[in-house]
Amino acid sequence: MSAPYPDAAAVAAASDRHLFQNYRRQPIAFARGRGARLWDLAGGEYLDFIGGIATSSLGHAHPALVRAVSDQVARYVHVSNLYLIPEQARAAELLTAASGLGRAFFCNSGAEANEAAIKLARRRAHDLRGPGEYEILVAQGSFHGRTLGALAATGNPAYHAGFGPLPGGFRFLPYNDLEAAEAAIGPNTCAVLVEPIQGEGGVVPADGAWLAGLQGLCRGHGALFMLDEVQTGIGRTGRMFAYQHHGLAPDLVCLAKGLGGGVPIGAVLATDDAARHLVPGDHGSTFGGNALASAAACAVLETIASDGLLDPVTAMGGRLRAGLAALAARRPEVGAVRGAGLLLGVDVQVDAAALAAACAGRGLLVNNVRPLTLRLAPPLVVTAADVDAALVALEQALDDVSRRRGGDEAAGKDQEAT
Ligand SMILES: *Cc1c(COP(=O)(O)O)cnc(C)c1O
């Protein structure tokens, strides 16, 4: 099929005219990709260091994903959970083997995974202890999604504004503060839900000791220890799951972003003991874990294993981090670097949105996750040459932004003078 519009300007015009205006988009439209590279409609080449917001785990047009999805589409796409779905069962087998958790439930997004986790935690507490034991401890600065329940659990007031009433039952704790958690957990706490690294919050890692402390508090209070690994899961941090860096044993893990390599799929993994609290009729999803999305997840999981992608994630993440640290030593506009593996945040002292736009102008795609923080999350297959080229482009973009600022100041002075 030929492209529906000839160029990015035509796509922008149609988008401005016909779409909800709820996104701030870069004026770039892509035609194709390969690995960590993308080409726009005019043939311009980009290094994709945001990877569809940490979703393109295998990079673009990976042969294993192309084959799995094409083969599945050619057989059938969707039959619903009224029937057995071989690809879904296989994806669950792979995920439970990788995590040590007993069972998987599939949905279509990160928000939906968190919704399922919240419902499971409430239902379990209701079954075991009766109604009224529904409180879930969550963290300030967190992000769990945009649906009402996941939004209510999200510790960023700006995302709540004007959408009330939100579901209650969430108590917010300062991130990485165990004393606050000890003070807050009580008999009506049914679960704790936190991110091992706050991705949308600016790539802020949790202390291992805090996570271990939360796990201990949950065990002591019979509450579920639940991790939102929607962004950190599926190899992103150099382990299959971020909690594996800290030797943790969560009761439940939420997944989505990287799981389908860009094909929408979410999942909740849970212990047998927790999962048994959802029985037929309690929860479901029409599309959840359909054959197409599950085939994509299987291809991602099998390729990470067969191609041994986790060690390269650590190596390439280390290379990127070292390059950013060297840049920070040379450039006063670049500050702290945080994160793990190929999920990194870089603090900058220039407008991160302007810098991200300048990066795109230099052929590098990154995301201004916070006003003064860039997020980098390239595909897990990113190469050393890609990393080195990205660092060069980032420095050029810094020059562009600084020059522009210098130019603005000079222009301002001129205006004052006249
Ligand atoms: C992106 C994200 C979500 C929401 O995922 P959607 O697929 O956009 O609903 C939830 N939790 C975390 C940690 C995320 O990074």
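Engineer: If you had to explain the environment of Val 279 to someone new, which residues and values would you point to?
Structural biologist: Summarising the element assignment, Val 279 is placed in the loop between helix 10 (272-275) and helix 11 (291-306). Classification of Val 279 by relative accessible area gives partly exposed; the value is 44%. On a C-alpha basis, the gap between Val 279 and Glu 135 in space is 22 Å, while along the polypeptide they are 144 residues apart.

Engineer: Talk me through the pattern of salt bridges; I want residue IDs and the actual numbers.
Structural biologist: All chains considered together, the criterion is met by 20 salt bridges. Salt-bridge contacts for Asp 251 lead to Arg 219; the nearest nitrogen and oxygen are separated by 3.2 Å. Of this pair, Asp 251 sits in the loop between strand 10 (224-228) and strand 11 (252-255) while Arg 219 sits in helix 9 (residues 208-221), placing them 32 residues apart in sequence. A relative accessible area of 42% means that Arg 219 is categorised as partly exposed.

Engineer: How would you summarise helix 9 if you had to cite specific residues and measurements?
Structural biologist: Side chains of residues three or four places apart in an α-helix project in the same direction, reflecting 3.6 residues per turn. Across its 14 residues, helix 9 extends 20 Å between first and last C-alpha, which sits within 8% of the 20 Å expected from 1.5 Å per residue. For helix 9, every residue scored as buried is listed here: Trp 210, Leu 211, Gly 213, Leu 214, Gln 215, Leu 217 and Cys 218. Looking at the buried side of helix 9, the elements it contacts are helix 8 (178-184), strand 7 (189-194) and strand 10. Immediately beyond the C-terminal end of helix 9, within one or two residues, lies Gly 222, with a positive phi of roughly 65 degrees.

Engineer: Got a sec to walk through the sheet that holds strand 5 (residues 135-139)? Specific residues and values, please.
Structural biologist: The strand order 4-12-11-10-7-5-6 describes an open sheet built from seven strands, whose pairing is mixed. With partners counted over all chains shown, the strands left at the sheet margins are strand 4 (103-107) and strand 6 (170-173), one partner each. The average undirected angle you get between the axes of adjacent strands in this sheet is 20 degrees. Pairing of strand 10 with strand 11, which is carried by three bridges, proceeds in the parallel orientation. Bridge assignment links Leu 227 to a residue of strand 11, and that residue is Val 253. Its contacts with the sheet put helix 5 (residues 110-129) on strand 4, strand 5, strand 6, strand 7, strand 10, strand 11 and strand 12 (266-270), and the angle it makes with strand 7 is roughly 160 degrees.

Engineer: Got a sec to walk through a nonpolar patch on the surface? Specific residues and values, please.
Structural biologist: Where nonpolar side chains cluster on the molecular surface, the patch consists of Val 79, Leu 82 and Tyr 83 and spans about 340 Å² of accessible area. Judged by its relative accessible area of 31%, Val 79 is partly exposed.

Engineer: Give me the lowdown on the state of the cysteines, citing residues and values where you can.
Structural biologist: Under the defined criterion, the tally for this structure stands at zero disulfides. With no disulfide of its own, Cys 107 lies closest to Cys 254 among cysteine sulfurs, the gap being 7.8 Å. Free of any disulfide, Cys 298 has its nearest neighbouring cysteine sulfur in Cys 107, separated by 15 Å.

Engineer: Please give an account of the site of the ligand that cites residues and values.
Structural biologist: In the neighbourhood of the ligand, the contacting residues comprise Ser 109, Gly 110, Ala 111, Asn 114, Phe 143, His 144, Gly 145, Glu 195, Asp 228, Val 230, Gln 231 and Lys 257. Within the backbone of Phe 143, an N or O atom sits 3.2 Å from a nitrogen atom of the ligand. Side-chain polar atom of Asp 228 to a nitrogen atom of the ligand: 2.7 Å apart, as the coordinates give it. Taking 380 Å² as the accessible area of the ligand by itself, protein coverage stands at 82%. The biggest single contributor to the shell around the ligand is helix 5, with three residues. Class assignment of the residues belonging to the shell around the ligand gives a composition of three nonpolar, six polar and three charged.

Engineer: How would you explain the pairing of strand 5 if you had to name every residue and give the values?
Structural biologist: Counting buried residues along strand 5, five of its five residues qualify, which places the element largely inside the surrounding structure. Where burial is concerned, the two faces of strand 5 agree: the one with Glu 135, Leu 137 and Ala 139 and the one with Ile 136 and Val 138 are both buried. The pairing of strand 5 with strand 7 spans three bridges and is classified as parallel. Across the sheet, the residue bridging to Ile 136 is Ala 191, located in strand 7. Relative to strand 6, strand 5 runs parallel, the two being bridged by four bridges. The residue bridging Val 138 from the neighbouring strand is Phe 172, located in strand 6.

Rules used throughout
Residues numbered from 1 in each chain as written. Predicted model: local features only at pLDDT ≥ 70, side-chain atom pairs only at ≥ 80, totals over all residues. Heavy atoms only, no water. Helix = DSSP H or I, 4+ residues; strand = E, 2+ residues; numbered from the N terminus. Buried < 20%, exposed > 50% of the residue type's maximum accessible area, 1.4 Å probe, protein only. Salt bridge = Lys/Arg side-chain N within 4 Å of Asp/Glu carboxyl O. Expected span 1.5 Å × (residues − 1). Contact = heavy atoms within 4.5 Å. Pairing = 2+ DSSP bridges. Axes fitted to C-alpha atoms, helices over the stretch in contact; angles between N-to-C directions. Patch = residues over 30% accessible without salt bridge, like charges linked within 9 Å, V, L, I, M, F, W, Y side chains within 5 Å. Areas by Shrake-Rupley, 256 points an atom, 1.4 Å probe, with all protein chains shown as cover. Disulfide = S-S within 2.5 Å. Near = heavy atom within 4 Å. Polar contact = N/O pair within 3.5 Å; in protein donor to acceptor, adjacent residues only side chain to side chain. Nonpolar A, V, L, I, M, F, W, Y, C, P; charged D, E, K, R; others polar.

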